[in-house]
Amino acid sequence: MVDERKDGAYGTPQKYDPTFKGPIYNRGCTDVICCVFLLLAIVGYVAVGIIAWTHGDPRKVIYPTDSRGEFCGQKGTKNENKPFLFYFNIVKCASPLVLLEFQCPTPQICVEKCPDRYLTYLNARRSQDFEYYKKFCVPGFQNNKGVAEVLRDGDCPAVLTPSKPLARRCFPAIHSHKGVLMVGNETTYEDGHGSRKNITELVEGAKKANGVLEARQLAMRIFEDYTVSWYWIIIGLAIAMVLSLLFIVLLRFLAGIMVWVMIVMVILVLGYGIFHCYMEYARLRGEAGSDISLVDLGFHTDLRVYLHLRQTWMAFMIILSVLEVIIILLLIFLRKRILIAIALIKEASRAVGYVMCSLLYPLVTFFLLCLCIAYWASTAIFLSTSNEAVYKIFNDTACSVAGKTCNPETFPSSNESRLCPGAHCQFAFYGGESTYHRALLGLQIFNAFMFFWLANFVLALGQVTLAGAFASYYWALNKPDNLPAFPLFSAFGRALRYHTGSLAFGSLILAIVQIIRVILEYLDQRLKAAENKFAKFLMTCLKCCFWCLEKFIRFLNRNAYIMIAIYGTNFCTSARNAFFLLMRNIIRVAVLDKVTDFLFLLGKLLIVGSVGILAFFFFTHRIRIVQDTAPPLNYYWVPILTVIIGSYLIAHGFFSVYGMCVDTLFLCFLEDLERNDGTAERPYFMSLTLKKLLNKTNKKPVES
C-alpha cells in the first residue's frame, strides 16, 4: 500500500516519542471555561424545571377539558364521576376555526356516559326520556325556559346521537340510527310545531367529522394491538439482544468466517424476500380486484388493503431485487479490501474480548439518555401546561366581538352578550399575558437546546470512555500482559476528571447546529402555506447545508474524542490533529473505515431481517406450532414494525461498541505507522495480522 505520509497543508506526521506508551495518565484539565458554562447551564436548566413544575399542570394533557376549563374525570373535583367529554354539536369540530383556536366552537360538558340513543330535545321534552336528556345539558340546568331560549343559550344540545368514547371524548357512531323517525327514504324529526325537518345534513356532517377523527381511530386500534402483543414484542426484542450478543461472541473467534457467512445470509434473506413477494404476486393472479393500481386505490388507513394488490408485491419485489444487485456488485468490487476490514474486525474482536465490560457500557449510555429524555419531556409538558385558562366568545354568525376574551361568570349580563345574543363564552385554550407566559416559547427553546447539549454530552462521554479503553489495548506492546487493570473504569474516570470541558465544548457545537435545524424545520412548517418559491428554495438549501454540517461535526467530534482519550489535549487541538491525521491518510480512511461500516450495517441487517421474518410468521399465524398462541390483531404490521425497529436499535447499540473500537484502533494504527518504523528502538504496536497485510515487520535487536 502506498505510504501517504507527507508534510504540507495537513500538518506534519507524528514524531517518535520514547516516553509514549499509550493513553497519557499525567494530564491536566482541558477547556475549563466550557466546563463552567455547562455547570451554569445545568443550574439554569434546573431552575427552568422548578419554575415549570411550579406553574404547570399535567392534568391538562391527561384529562379533557369542558367549556369552563374544568377537567373531566379528575379525582377530588365535581367531575370526578364524569370522565367523558360530550360535544353539543360535533359537526362544528370539522370547522376551520378548530385549526385556529384549537377548540371546537360548540359547548362541551363532562358526562358519566356517552349517549346510547338517538333523541331530540323536542321529543325528549314531551316524553319520559327528559331526565335522561338533562344529563347532557349544562350543569344546573332548570327547565324554566322555552325551547327556543334553551337552544339559543346553549343550555342543552338540539340532538343526541349514539356515541362511543374515544380518548375520553364522545364521538358519534355513524352507523347506528336507533330511534330515528323514517318517512319514506327521508330521515326527519319533528320540531314541536307539527312540521318535520330533514336531518340528512346532520348525518352527513357527522360523517365529515368522523373523517377528521379517522386518524384517532387508527391510533386507538394501534394502541389496542400494543396492549395484546406487548409481551411478544418484548420476547422478540430479547431474541434480538441474544442474537447480537451471540454474533459478537462468535465474531471474536471466527471473525473472517462470520463476516462472509453474514454477507451470504443477508443475500439469502433478501433472496427469500424476493421469492416470497413473487409467490404472493403469483397467488393474486386472476383474483378479483387485485389488478387495481395503487394510484387508483388512493390512501386508506387500513394498510391491509394494499396487500391484496399485485402491484404492491411487485413494488416490494423490485425494491428487494435492486438491493440484492447493489450488494452483490459492491461485494465483487470490494472483495480485496474486505480482507483488510476483516483484519481490523479481528483486532477489534480481541480488544473487546480483553475489555468485555465494554459491551455493557451502552446500558450506561442508555440510562443517562433516558434521564435526559425524561427530564426534557416532563419539563416540556409542565411548560406547555403552565398557562392560564383563556375564555373567548364563540358565535356561529358574524359578530363584532367574536374571538375576544371574556369572563364566563359575568358574560350573560355583559354588553357583549347583548350585542351577540347567540354567542357563548367558553374555554378556548391555555395562555396568558404575563411576562412568564410571554417567555414560554423561549423557555421551550432553551429546554430543547439543553436536551441536545446534555444528550450529546452523554454520547461524547461514552465515546471517550470506550476510546480510552481500546487505545490502552492497542498501545500495549505485549498484549494482554501490558494492559492496565480495569481499562474501562480508568478511561471513564479520566474523561470525567480532566475532560468534562472538552466534552461540553464538542457537544455544545453539535447542539447549536441541531437547534438551528429544529428552528429551520419550524419555519419551514410555517412557510408551507406561502407561495414564495424563492423562500422555499432558500429554506431547502439551508436545511441541506445544516444537515451536512451536522454529519461532518459528528464525524470530526468522534475522532477528536479519540485523540482526547489518548493524548489528553483540548478539544480544538484534538480535532485539528485528528483531521490532519485522517487527511494525510485519506485513502486508508475511505477504504478501511467505510468498508468496515458497511460490514457492520450488513450485520445489523442480518439480525433485523432474521427477527423481522420470525415476527412476520408469528404474528400472521403462519407458524403452525404457535398458531393459537399469537394474539388477534387489527394490524399485524404494528408489532412487526415495532420488533424490527427495536431490533435495529438493539443491534446498533452493540455494534456501536465495535464501531468505536475499530475507529480507535484505526487512528492508533495510523499513529503507529507515523511514529514507528519497526526498528528495535521504534517497534510497531500493531498485531501480526495487520503487519502481514501491510508487509511490515519488527526488526529484532542486533546482538553485540
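Just so you know, these numbers come straight off a predicted model, no measurement behind them.

Rules used in this analysis
Residues numbered from 1 in each chain as written. Predicted model: local features only at pLDDT ≥ 70, side-chain atom pairs only at ≥ 80, totals over all residues. Heavy atoms only, no water. Helix = DSSP H or I, 4+ residues; strand = E, 2+ residues; numbered from the N terminus. Buried < 20%, exposed > 50% of the residue type's maximum accessible area, 1.4 Å probe, protein only. Contact = heavy atoms within 4.5 Å. Areas by Shrake-Rupley, 256 points an atom, 1.4 Å probe, with all protein chains shown as cover. Core = buried A, V, L, I, M, F, W, Y, C linked by side-chain atoms within 4.5 Å. Expected span 1.5 Å × (residues − 1). Polar contact = N/O pair within 3.5 Å; in protein donor to acceptor, adjacent residues only side chain to side chain. Disulfide = S-S within 2.5 Å. Salt bridge = Lys/Arg side-chain N within 4 Å of Asp/Glu carboxyl O.

## Quick notes on the overall build of the chain
Now for step 1: If you tally the helices and strands in the chain, you get 23 helices and 11 strands.
Now for step 2: Taking all 704 residues of the chain together, the buried fraction comes to 45%.
Now for step 3: Long-range contacts, defined as pairs at least 24 residues apart, comprise 72% of the intrachain contacts of the chain with a sequence gap of at least 6.
Now for step 4: Accessible area of the chain: about 37,200 Å², with a carbon and sulfur share of 65%.

## Quick notes on the nonpolar core
Now for step 1: Counting residues in each nonpolar core, the largest one holds 117 residues, and the members touching the most others are Val 259, Trp 453 and Leu 599.
Now for step 2: In terms of residue count, the dominant contributor to this core is helix α16 (residues 440-474) (20 residues).
Now for step 3: The residues contacting Leu 599, other than those within four sequence positions of it, are Val 259, Met 262, Ile 263, Ile 338, Ala 341 and Ile 345.
Now for step 4: Counting residues in hydrophobic clusters, the runner-up holds 18 residues, among them Phe 86, Tyr 132, Tyr 133 and Cys 170.

## Details of helix α20 (residues 571-584)
Now for step 1: An ideal rise of 1.5 Å per residue puts 20 Å on 14 residues; α20 measures up with 20 Å between its terminal C-alpha atoms.
Now for step 2: Within the sequence span of α20, burial applies to Phe 571, Thr 573, Ser 574, Ala 575, Ala 578, Leu 581, Leu 582 and Arg 584.
Now for step 3: N-capping of α20 is provided by Asn 570, with a side-chain oxygen placed 3.3 Å from the backbone N of Cys 572.

## Comments concerning the state of the cysteines
What makes a disulfide is a covalent bond joining the sulfur atoms belonging to two cysteines.
Now for step 1: Following the criterion strictly, the structure yields three disulfides and no others.
Now for step 2: Paired through a disulfide, Cys 72 and Cys 110 show a sulfur-sulfur distance of 1.9 Å. Its S-S torsion of approximately -75° makes the covalent link between Cys 72 and Cys 110 left-handed. One end of the pair, Cys 72, is in the loop between α2 (59-62) and β1 (84-87); the other, Cys 110, is in strand β2 (residues 108-111), and 38 residues separate them in sequence. Across the pair, Cys 110 and Cys 72 agree in class, each one buried.
Now for step 3: Between the sulfur atoms of Cys 114 and its disulfide mate Cys 170 the distance is 2.0 Å.

## Details of helix α1 (residues 32-55)
Now for step 1: Its 24 residues give α1 an end-to-end C-alpha distance of 35 Å, which sits within 8% of 34 Å, the value for a rise of 1.5 Å per residue.
Now for step 2: Inspection of α1 places Cys 34, Leu 38, Ala 41, Tyr 45, Val 48, Gly 49 and Ala 52 among the buried residues, and these make up the whole buried set.

## Comments concerning the environment of Asp 225
Now for step 1: Positionally, Asp 225 belongs in helix α8 (residues 214-253).
Now for step 2: When its relative accessible area of 1% is taken as the criterion, Asp 225 is described as buried.
Now for step 3: Once the C-alpha coordinates of Asp 225 and Tyr 636 are considered, the two residues, 411 residues apart in sequence, prove to be 8.0 Å apart.
Now for step 4: For Asp 225, the contacting residues outside a window of four places in its chain are Leu 633, Asn 634, Tyr 635 and Val 638.

## Observations concerning the pattern of salt bridges
Now for step 1: Scanning all chains against the criterion turns up 11 salt bridges.
Now for step 2: One salt bridge connects Glu 521 with Lys 543, and the closest N-O pair in it is separated by 3.5 Å. With a gap of 22 residues between them, Glu 521 in helix α18 (residues 500-527) and Lys 543 in helix α19 (residues 533-567) connect regions that are remote in the sequence.
Now for step 3: Under the relative-accessibility criterion, Glu 521 is labelled partly exposed at 34%.
Now for step 4: Between Asp 663 and Arg 558 there is a salt bridge, and its shortest N-O distance comes to 2.6 Å. Note that Asp 663 is positioned in helix α22 (residues 637-675) and Arg 558 in helix α19, a separation of 105 residues in sequence.
Now for step 5: For Asp 663, a relative accessible area of 10% translates into the label buried.
Now for step 6: Counted as one network, the salt bridges with shared partners bring together Asp 116, Arg 117 and Asp 129.

Purely geometric numbers; function is a separate question.
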